[in-house]
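# Residue-level structure breakdown
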Amino acid sequence: MDIKRELEQGLEKSIRDSRDYEVYVSLVELVNRLCAGKEQPSKGKKLYYISAEFLMGKMLSNNLLNLGIYDEVKKALEENGKSLEDIAEAEAEPSLGNGGLGRLAACFVDSMATLGLNADGVGLLYHFGLFRQVFKDNSQTELPDRWGDNHKILIPTKREYTVSLGGKDLKAKMYDIFVTGYKNGSRRLHLFDLEGVDEGVVKQGIAFDKKKTDKNLTLFLYPDDSDEDGKLLRISQQYFLVSAGAQMILEDCEEKGGKPEELHKHAVVQINDTHPAMVIPELIRLLIKKGVGMDDAIRTVSLTCAYTNHTILAEALEKWDYGLLKKAVPQLMPIIDELDKRIKKKYRDKSVHIKDENNRVHMANMAIHYGFSINGVAHLHTEILKNAELNHFYKIYPEKFNNKTNGITFRRWLLCANPQLSEYIEKLIGAGFKSDFAQLSKLMKYADDEEVLANIINIKKNNKKKLAGYLEKNCDITVPLDSVFDIQIKRLHEYKRQHLNALYLINKYMEIKSGRYPKTPITAIFGAKAAAGYVMAKDIIHLLLCLSQLAREDGKVSKYLNIVMVENYNVTKAELLIPACDISEQISLASKEASGTGNMKFMANGAVTLGTMDGANVEIHSLVGDENIYIFGAKSKEVMARYKAGSYDPKDYYDKNEKLKACVDFISGEALSKLGDSKKLARLRNELLTKDYFMALPDFEDYVEVKDKALDDYEDRMLWAKKMLMNIAKSGYFSSDRTVEEYNSDIWHLG
Ligand code: 26V
């Protein structure tokens, strides 16, 4: 292909005379043309992956790589005075997701396209996405993320559907994004947008009139739902997604000549967490409208829908007030009533009912009864679902429960994010690993090869340099290149325990102040957004930012300890941070992190995990063995027993351990209060001392000991490099291609 000619035709001028953004647009158009040419007619049963989030990240480089024209394009641009890296920067990151669940959905559509499955994504087109995080006075503030100026990736389609909300008819318009498969066909992500959405309703920050559903419906992902209007808006968004999605699915089925009462022969719907669970009653409702009887409609929908659980945190298992549902979606209530009635007739056990005594509708319960599969996302997580959290359901439907350990797309997270490492691996073991990541295990034969280990260290150094350059330019912070990069990046949540890391850093700070210096300087890096209304999470961000300032402004300390909080952490930043990491912090309270996927990305890039026996850490541990991971803290059984006993008191640990006491007190002490808001800091200390719901205090001592051991081991660079290599070599299991293949062979059964 003559790339230059292709691009310049679109530009109507030379590449050289075009601005980066113009070249970007022309490249997107080229990508879309190529994708359209690769589409295959949809044959046989089709999978719809329906999700409130798709955290796609920037798409250009990944698409070029998958289409096999990355090098060609790079060269053509360079010959015409442009750099692909600069042009890729012109792309804004689509803000269509929040965290792991959304990023997983993005990895899955990449794998579906790569594997050539008849499968598409279905989601919403949020104009302002989650929010853009800005730090002010050492605190998080939120602004709308105006990524939409980047609408070039969106392809308008002819499809539109009417969705009734609160008795009013609204119009859903469908836009598509092409998803490229690696050296294979392409698939589509279908996103619904409200016709007539009005960006002007957003006034200050991310505040807006929540009542104006006909104007605001697809503005934000997870708008604040602390009041009734917010809850109504969330329900409305969810229904808008599933109603438009269900209409599309039935239309597809009809187009293929399928009978509505045999929907399950033509479609399978994977429900990504509870947000889209209303697709079940909506499909039933639509089938009944088409003349299918209630029994048949329930039967075929139950054979069509499968549900993935991504969390055991009670607040995330959605329960909607019946009255609110009735206000937003009255048409759905007769169906929900019927589904509930059938369950109540069969089971006396209240814990499996759909509508509870407080008139709340349990979305997960509905999805388990009226779907044919329920899966957890890592071995431990599924075991906890079966044996504890959803045990009552497991007893009824043991055959429905299955595990699908999460995965990541190595195309983005290794090939694109870490080209130097990827090229080096190719030199060592050939290119086969690029389409079969299990082949990374061939690297094991180099575990004692000093030249290989030295090269891996060198690549890590280059990635650290790149990150340091970015931090210098964008965050005005200089980090020593010879320091150990210790990174914790993920949503901010108490169960993920960023504050446990903070307690460690306080301890380290105090050690340095008292003249005990680490052998190698430490650079601790965080990236995290806190939900706008989540007070404790925001207090933790405040603590981290104050700590960062404290270390930075103390010349004696900053030589040994730097604390960096990256603003507005997103996929693009993750791609820069992960390849530069030495120590990957995965320190959730055991039993709380369903899987984690960052842990897998770090591992593939040669970082060594410091973590609890939680989520997929457990599987990482069994793959790499004790010597290539640092495990600490209470195990899940112990934690669950502690909750059950109800006798945990953080004060017991605080009183017993002088070091811990000093660290906890430091939070609201003079040094930090001078830099921040003493009320917020005192509130945080008090929360830890009186509640500590996620049990950071009991794990503190072990965490300090094991982390210090990891830092000590880091001193022997060759030994450390061997650990890096072993992690890379064992990471292939976590390819999302493997996960998606398992979904297909166990759940979807696509041809
Ligand atoms: C729940 C809620 C509840 C109300 C407020 C907004 C909100 C937003 C998202 C969620 C669901 C979060 C579920 C989630 O992201 N789970 C993550 O899924 C990953 C992929 O399976 C997994 O690796 C992480 O461990 C899990 O936390």
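Conventions we followed
- Residues numbered from 1 in each chain as written.
- Predicted model: local features only at pLDDT ≥ 70, side-chain atom pairs only at ≥ 80, totals over all residues.
- Heavy atoms only, no water.
- Helix = DSSP H or I, 4+ residues; strand = E, 2+ residues; numbered from the N terminus.
- Rg over C-alpha atoms; globule rule 2.2 N^0.38 Å.
- Buried < 20%, exposed > 50% of the residue type's maximum accessible area, 1.4 Å probe, protein only.
- Contact = heavy atoms within 4.5 Å.
- Areas by Shrake-Rupley, 256 points an atom, 1.4 Å probe, with all protein chains shown as cover.
- Lys, Arg positive; Asp, Glu negative; His and termini not counted.
- Charge placed at Lys NZ, Arg CZ, Asp CG, Glu CD.
- 1 Å grid on protein atoms, 1.4 Å probe; cavity = no way out; pocket = protein on both sides within 12 Å on 5 of 7 lines; lining within 4 Å.
- Points joined across faces, edges and corners; volume = space filled by probe spheres on them.
- Pairing = 2+ DSSP bridges.
- Axes fitted to C-alpha atoms, helices over the stretch in contact; angles between N-to-C directions.
- Core = buried A, V, L, I, M, F, W, Y, C linked by side-chain atoms within 4.5 Å.
- Expected span 1.5 Å × (residues − 1).
- Phe/Tyr/Trp six-rings, centres within 6.5 Å; stacked < 30°, edge-to-face > 60°.
- Near = heavy atom within 4 Å.
- Polar contact = N/O pair within 3.5 Å; in protein donor to acceptor, adjacent residues only side chain to side chain.
- Salt bridge = Lys/Arg side-chain N within 4 Å of Asp/Glu carboxyl O.
- Arc of directions from axis to C-beta.

For the chain, the count of helices and strands is 32 helices and 19 strands. Over its C-alpha atoms the chain spans a radius of gyration of 26 Å, differing by no more than 12% from the 27 Å that the globule rule assigns to 751 residues. Overall, the chain is about 80 × 70 × 55 Å in size when its C-alpha atoms are taken along their principal axes. Counting across all 751 residues of the chain, residues that qualify as buried make up 62%. Summarising the internal contacts of the chain: among those between residues at least 6 apart in sequence, 75% fall at separations of at least 24. For the chain, the accessible area works out to roughly 28,300 Å², and carbon and sulfur atoms hold 48% of it. In the chain, 106 side chains carry a positive charge and 109 a negative one; their mean positions are 2 Å apart.

On to the side chain of Arg 285, then. Looking at the secondary structure, you find Arg 285 in helix α9 (residues 279-289). Residues contacting Arg 285, with those up to four places away along its chain left out, are Tyr 239, Gln 331, Leu 332 and Ile 335.

Quick look at empty space enclosed by the protein now. Evaluated as defined, the whole model comprises seven cavities of 30 Å³ or more. Here the largest cavity is characterised by a volume of approximately 100 Å³. Met 56, Met 59, Asn 62, Asp 110 and Arg 412 are the residues nearest the centre of the largest cavity, which is lined by 13 residues in total. With four residues, the single largest contributor to the lining of the largest cavity is helix α6 (residues 100-114). Space inside the second largest cavity adds up to approximately 80 Å³. Tyr 24, Val 28, Val 31, Asn 32, Met 59, Leu 60, Asn 63, Glu 91, Ile 153, Ile 177 and Phe 178 are the residues that line the second largest cavity. Among the elements of the structure, α2 (20-38), α3 (60-67) and β6 (168-180) are those that each provide at least two residues to the lining of the second largest cavity. If you tally residues by element for the lining of the second largest cavity, the top one is α2, at four residues.

This next bit is on the sheet that holds strand β19 (residues 630-631). Strand order in this open sheet of six strands is β16-β15-β14-β17-β18-β19, and the pairing throughout is parallel. A single partner strand is all that each edge strand has here, and the edge strands are β16 (561-566) and β19. In this structure, strand β14 (residues 484-489) lies alongside strand β15 (residues 522-527), joined through six bridges in parallel fashion. Bridge assignment links Asp 486 to a residue of β15, and that residue is Ala 524. Its contacts with the sheet put helix α18 (residues 450-475) on β14, β15 and β16, and the angle it makes with β14 is roughly 65 degrees.

Core analysis: the biggest nonpolar cluster contains 141 residues, and Leu 27, Phe 192, Val 279, Ile 280 and Trp 748 have the highest contact counts within it. When residues of this core are assigned to their parent elements, the largest contribution, 13 residues, is made by helix α8 (residues 228-255). Residue contacts for Leu 27: discarding those within four places in its chain leaves Leu 7, Leu 60, Leu 64, Val 73, Leu 77, Leu 84 and Ile 87. By size, the runner-up hydrophobic cluster in this structure holds 128 residues, among which are Phe 437, Leu 500, Leu 684 and Ala 721.

A separate point is the sheet that holds strand β7 (residues 186-194). With mixed pairing, nine strands are arranged side by side in an open sheet as β5-β6-β7-β2-β1-β8-β9-β12-β13. Looking at strand neighbours, the two that pair on one side only are β5 (155-165) and β13 (401-403), the edges of this open sheet. Ignoring which end each strand starts from, the neighbouring axes of this sheet average 25 degrees apart. Pairing analysis gives four bridges linking strand β8 (residues 267-272) to strand β9 (residues 305-308), with the strands arranged parallel. Along β9, the bridge assignment pairs Asn 272 with Thr 308. The sheet contacts of helix α14 (residues 379-389) involve β12 (373-376) and β13, and relative to β13 the element is tilted by about 165 degrees. Running over the sheet, helix α32 (residues 736-748) touches β1 (46-50), β8, β9, β12 and β13 and is turned about 120 degrees from β8.

What follows covers helix α20 (residues 535-552). Here α20 contains 18 residues, and its C-alpha end-to-end distance of 26 Å stays within 8% of the 26 Å for a straight helix at 1.5 Å per residue. Of all 18 residues making up α20, 15 are buried, and the element is well covered by its neighbours.

Our next topic: the packing of aromatic side chains. Here the structure, examined in full by the defined rule, presents 21 aromatic pairs. Ring centres of Phe 410 and Phe 437 lie 4.6 Å apart, and the angle between their planes is 25 degrees; on these two criteria the pair is classed as stacked. Of this pair, Phe 410 sits in helix α16 (residues 410-416) while Phe 437 sits in the loop between α17 (419-429) and α18, placing them 27 residues apart in sequence. Take Phe 410 and Phe 437: they sit in the same class, and that class is buried. Ring geometry for Tyr 509 against Phe 666: centres 5.5 Å apart, planes inclined by 55 degrees, an arrangement best described as tilted. In this pair, Tyr 509 is assigned in helix α19 (residues 498-513) and Phe 666 in helix α27 (residues 658-667), connecting sequence segments 157 residues apart. Grouping residues by exposure puts Tyr 509 and Phe 666 together as buried. Taken together through their ring pairs, the aromatic side chains of Tyr 49, Phe 108, Tyr 743 and Trp 748 make up a single cluster.

To continue, consider the site of the ligand. Around the ligand, the surrounding shell holds 18 residues, and the nearest of these are His 310, Asn 406, Glu 593, Ser 595 and Gly 596. Here an oxygen atom of the ligand and a backbone polar atom of Ala 594 are 3.3 Å apart. In isolation the ligand has 590 Å² of accessible area, and contact with the protein removes 87% of it. Counting residues per element, the shell around the ligand draws most heavily on α6, at three residues.

Evaluated as defined, the whole model comprises 59 salt bridges. Between Glu 39 and Arg 188 there is a salt bridge, with its nearest N and O atoms 2.6 Å apart. With Glu 39 in the loop between α2 and β1 and Arg 188 in strand β7, this residue pair connects regions lying 149 residues apart in the sequence. Look at Glu 39 and you get partly exposed, because its relative accessible area is 30%.

Another aspect to go through is unusual backbone geometry. One can expect most non-glycine residues to show negative phi and most peptide bonds to be in trans. Positive phi, normally seen in glycine, also occurs at Glu 12, with a value near 60 degrees. Looking at where Glu 12 falls in the secondary structure, it is placed in the loop between α1 (3-11) and α2. Judged by relative accessible area, which is 73%, Glu 12 ranks as exposed. Phi angles above zero are rare outside glycine, and Asp 476 is one such case at about 55 degrees.

With that out of the way, let us pick up helix α25 (residues 636-645). Within α25 the residues assigned to the buried category are Ser 636, Val 639 and Arg 642. Viewed along the axis of α25, the buried residues span an arc of 125 degrees, placing them on a single side of the element. Turned more than 90 degrees away from the buried face of α25 sit Lys 637, Lys 644 and Ala 645, all of them exposed. The elements touched by buried residues of α25 are α14, α26 (650-656) and α30 (696-714).

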